[in-house]
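# Observations on the three-dimensional arrangement
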Amino acid sequence: MQLVLEKNRDRLKPSLCFALCVALSTIVPAAFYAADANAAEERQVVIEEVIVTATKREESAQDVPLAVTALSAETLDRAGVFDLRDLSTVAGSFNMNSSQTESQGTTLRIRGVGTTGNNIGLESAVGVFLDGVYLSRPGVALSDLADIESIEVLRGPQGTLFGRNTSAGALNVRTKGPNFEESEYFFNATAGNFGLTNFQAGASGPLADNVAYRLTGAVRNRNGYVRSEINDSESYTRDRWMLRGQLAFDPTDTLSFRVIADYSETDEECCDAAILSQGLAAATNGYARAGLRPDGGVLSFGDEGFNGRNSNAEGFFNDSEQWGLSIEANWDLSDSATLTYIASYRDFDAGSVQSDFVGLNLYAVSPEEANGTETFDRLKTFTQELRIAGETERVSWLVGAYYSDEEIREVQGLGLSSDLAAFIDAQVFFGLATANMLEGPAALLGGVPLATGGTFGDVLAATSPTAAFAGGANLDDAYARNIFDQEGTSWSVFTHNSFHLTPQLDLVVGLRWTDEKKDGSYAQPEGTNDACLNVLANSGALNAGAAGTGLEAVAGLYTSLVPAFACFPFASPADTGVPILPVTFDDTFEDDELVYTGKLVYAFTDDISAYVSYTHGFKAGGFNLDATAAIGGASPAFNSETIDSWEVGLKSDWFDRRLRVNVAAFDYDIEDFQVLEFTGVQFQTFNVPSAESRGLEIETTALLTPGLMATLNYTLADSRYPNGCAPASAPANVTSLCGADLTNAPLHVVTGSVNYDGYINDALRWFATSNFRWEDDRRTSTQPNLEFDIQEDNIKVNARVGIGSADERWTFEVWGNNIFDELTKNVTFNTPLRVGSRGTFLEQPATYGATLRMIF
């Protein structure tokens, strides 16, 4: 069976996969249903009420007038959700993508909207909150989900209650708190393919009448699922551990404290890419003519590289260390008002070593190539929030204030390597020039004298034209140590109130005024590239010599491309006055915005309600913290992003709460949408004047029989840059986006699950569950109409079967994720310095294993 599936994987249709998934998850439980019919009264007979804190109060998810997907710990476990990367399996409107470093290059999206790019200066449009504390970058939020109470996926702008940078939505993650009633202990052990081992353990209980603790630890290791053909190095490994401790103290009946401290480390190899196309130089035999291996360091590419999960680099490494401390105090001021104070401090460090995606020595982000400079990011964040919430017969009210202070330091060290000069020969002199048949016309410029001596003819005749054009200076001596600092402060005051106009009609009004200030700077303590400076001088001489000869375009080929490679801006001196080289900066960004929402909520019955809302959201601007940010006189700053959102929703329970149907229709208009794009030699951050997302979400849950639950959810999100998204005078990289879909934003997504819980006898229970996600085609690059850009529609199916004690003291589970081994692209990009070559980061293939859970 496995062999047949593997041979025909590419021909399996989504409908067939879905049918098989449903069949396995319904027929198998049905076969056992008679065996435990006598225990039916002990199983679930209604769809349970789900309590969320989406409005900073504990409320039923069915009573909250916003689109929210609430996921319990059991739901996450049975769906195989190890961390936030896996969340899209059970939340159709959410997806997540990572590029060459997970700590920095991760993008979260809800309803197709998110901020693309691996730049620490960009903040996410989807805010992540852990026990009420804002995690300012997605990389900070990628720890394992151990001992989790629930995750709430809040869809749409959440700025009035959750504050800055939630213009697309928010993830509200809650951990399990200390147990005041009794001592409890748990232990989970998992083993799987790719050498996976995962251990989680915890303990909780009372220390005194009014003091309790909780201690949680987790360790996860796994080999990588991408392997380099060059040196067998792996990528997408897992090597991480975390420890979390909590202390709860209730000194009086009206006052409580919760202190949480956590620490985690990762030491992983991530993230290398598969090469999809070789590029021009291989087709023209340019690499061999330049004295390099004919394949240009790409042993595996195209379908072979993609389907084989093969890369061609010497390794990518991404380690991190973080710790955090938070305190939450709740004081009941009266029977109808409560004061809440949350303060936190987080310290996050992530290091990175990166190679050039191919098996040549072109450049490296490493101390060895960058004169001892280590590349790392460091974030230190301090936050405080104070709010008072109360309730009267006619009004549920809340007022509060928020403050955050964040310090960022990023150090980048990159050096050029020994093969780069020959690589430029292959790309330009023996590659692009040959393909365009410009060698003959170029010879007519042979007599043009160069600034460093000799003539252009000497360059064309040299064994290494690039070395000759560089005046004999060595490119592999070039390196730079670039330092980026940013200190940002944000403070706001807010209110969120629900007015009970009639027993059935509520009016919700929320306001938040936010003030943002960021001081950003770029400095270069070390930077040298004599070869680049010589190339630029000789390019000027060649352009001058070609003037009036009719060969200006021929000269322009060499004088544009050779400097583009030789003057790789991450390893070039700054502040030289040359337009294509880095420029340091020290600047201040300031902005303020009033965020607001208004909602009308009408309850037709106790089980059916509808709402209509309008929300104005805001995401702060800032600085492109990159060596290329101010090149050519560009501003390193980018504008704040705003969003205006309409939403209409229906929440309903039917048939005595055995069927739940929730529907939401939304319409977004976004101004100054923030985008980061890698061109192959430069990162460009810019604002697109207009973007939009419009669509529909339908979530259904059905309790088919006691113990048999099914869900089926549909998301339509037409997320795009409209025609005319920018004026004709805007830069080409902006206007070219008009009419295109947003990146990694599928038009249609369908998710579903079937879950059965039953009993074998009085002592044993069992369950079987399966869930799937089908998504439509999506673009995987920033710019449209690029080669290999489209990830075609696909379906991924997970399945899990478990058996355990009737009192749930132990459970043994066998599971598989992406069981049909559907291989998909994550982000597709221009391979650095390689003309016509494209690469892609891969998503996870099939994984399987077994898990033992024990509670003491």
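## Describing the overall build of the chain
The helix and strand tally for the chain stands at 14 helices and 42 strands. The globule rule puts the C-alpha radius of gyration for 856 residues at 29 Å, and the 29 Å found for the chain is close to it. Projecting the C-alpha coordinates of the chain onto the three principal axes gives extents of approximately 95 × 60 × 50 Å. Looking at the chain as a whole, 59% of its 856 residues are labelled buried. Of the contacts formed within the chain by residues at least 6 apart in sequence, a portion of 71% connects residues at least 24 apart.

## Let's talk about the sheet that holds strand S14 (residues 234–235)
Pairing is mixed across the open sheet formed by 3 strands, whose spatial order is S14-S13-S18. In this open sheet, the two strands that pair with only one neighbour each are S14 and strand S18 (310–311). Where strand S13 (residues 226–228) lies against S18, 2 bridges are found, and the strand directions are parallel. In the sheet register, serine 228 faces S18, and the bridge partner there is serine 311.

## A closer look at the pairing of strand S20 (residues 337–353)
With 12 of 17 residues buried, S20 is to be regarded as a mostly interior element. Between the end of strand S19 (residues 317–334) and the start of S20, which pair antiparallel, lie 2 residues. Of the pairings in the sheet, the one linking S20 to strand S22 (residues 375–391) comprises 16 bridges and is antiparallel in character. Bridged to threonine 338 within S22 is alanine 389.

## Section: the sheet that holds strand S6 (residues 126–130)
If you walk across this open sheet you meet the 5 strands as S3-S8-S9-S6-S7, and the pairing is mixed. Of all the strands in the sheet, the pair left with one neighbour each is strand S3 (67–72) and strand S7 (133–135). Within this sheet the neighbouring strands show an average axis-to-axis angle of 20°, counted without direction. Where strand S8 (residues 148–155) meets strand S9 (residues 169–175), 7 bridges bridge the pair, whose relative direction is antiparallel. Counted as the bridge partner of serine 150 is arginine 174 from S9.

## Here's the deal with helix H8 (residues 420–435)
Where H8 bends most, at alanine 426, the angle is about 30°. For H8, the tally of buried residues reaches 14 of 16 residues, placing the bulk of the element in the interior. Immediately beyond the C-terminal end of H8, within one or two residues, lies methionine 437, with a positive phi of roughly 50°.

## A closer look at the packing of aromatic side chains
Under the defined criterion, the tally for this structure stands at 29 aromatic pairs. Between phenylalanine 829 and phenylalanine 841 the ring centres are 4.8 Å apart and the planes differ by 20°, which places this aromatic pair in the stacked class. Linking phenylalanine 829 in strand S40 (residues 825–830) with phenylalanine 841 in strand S41 (residues 838–842), this pair joins segments that are 12 residues apart in sequence. Note on accessibility: phenylalanine 829 and phenylalanine 841 belong to one class, buried. The rings of Phe316, Phe357, Phe829 and Phe841 are connected pair by pair, giving a single aromatic cluster. Just above the ring of phenylalanine 162 sits the side chain of lysine 56; from NZ or CZ to the centre is 4.3 Å. Over the ring of phenylalanine 767 we find arginine 78, and its NZ or CZ is 3.8 Å from the ring centre.

## A look at the confidence of the model for the chain
Averaged over all residues, the pLDDT of the chain equals 92, while 95% of them reach at least 70. Here residues 37–41 scores under 50 on pLDDT; set against residues more than four positions off or in separate chains, the count is 2 contacts.

## Section: the environment of threonine 489
As for its placement among the helices and strands, threonine 489 is situated in strand S24 (residues 479–500). Among the residues examined, threonine 489 registers a relative accessible area of 25% and is labelled partly exposed. Setting aside its immediate chain neighbours within four residues, threonine 489 contacts Tyr403, Ser404, Asp405, Asp515, Glu516 and Lys517.

## Let's talk about the pattern of salt bridges
Summed over the entire model, instances satisfying the criterion amount to 45 salt bridges. As a salt-bridge pair, glutamate 699 and arginine 155 come within 3.5 Å of each other at their nearest N and O atoms. Separated by 544 residues along the polypeptide, glutamate 699 in strand S32 (residues 683–705) and arginine 155 in strand S8 bring together distant segments of the chain. The exposure classification of glutamate 699 matches that of arginine 155, with both residues buried. Residues aspartate 349 and arginine 378 are paired through a salt bridge, measuring 2.6 Å at the closest nitrogen-oxygen approach. With a gap of 29 residues between them, aspartate 349 in strand S20 and arginine 378 in strand S22 connect regions that are remote in the sequence. The network of salt bridges with common partners includes Asp83, Arg85, Glu102, Asp144, Arg220, Arg238, Arg240 and Glu268.

Procedures and definitions
- Residues numbered from 1 in each chain as written.
- Predicted model: local features only at pLDDT ≥ 70, side-chain atom pairs only at ≥ 80, totals over all residues.
- Heavy atoms only, no water.
- Helix = DSSP H or I, 4+ residues; strand = E, 2+ residues; numbered from the N terminus.
- Rg over C-alpha atoms; globule rule 2.2 N^0.38 Å.
- Buried < 20%, exposed > 50% of the residue type's maximum accessible area, 1.4 Å probe, protein only.
- Contact = heavy atoms within 4.5 Å.
- Pairing = 2+ DSSP bridges.
- Axes fitted to C-alpha atoms, helices over the stretch in contact; angles between N-to-C directions.
- Bend = angle between axes of the 7 residues up to and from the residue.
- Phe/Tyr/Trp six-rings, centres within 6.5 Å; stacked < 30°, edge-to-face > 60°.
- Lys NZ or Arg CZ within 6 Å of the ring centre and 35° of its normal.
- pLDDT = per-residue confidence, 0-100.
- Salt bridge = Lys/Arg side-chain N within 4 Å of Asp/Glu carboxyl O.

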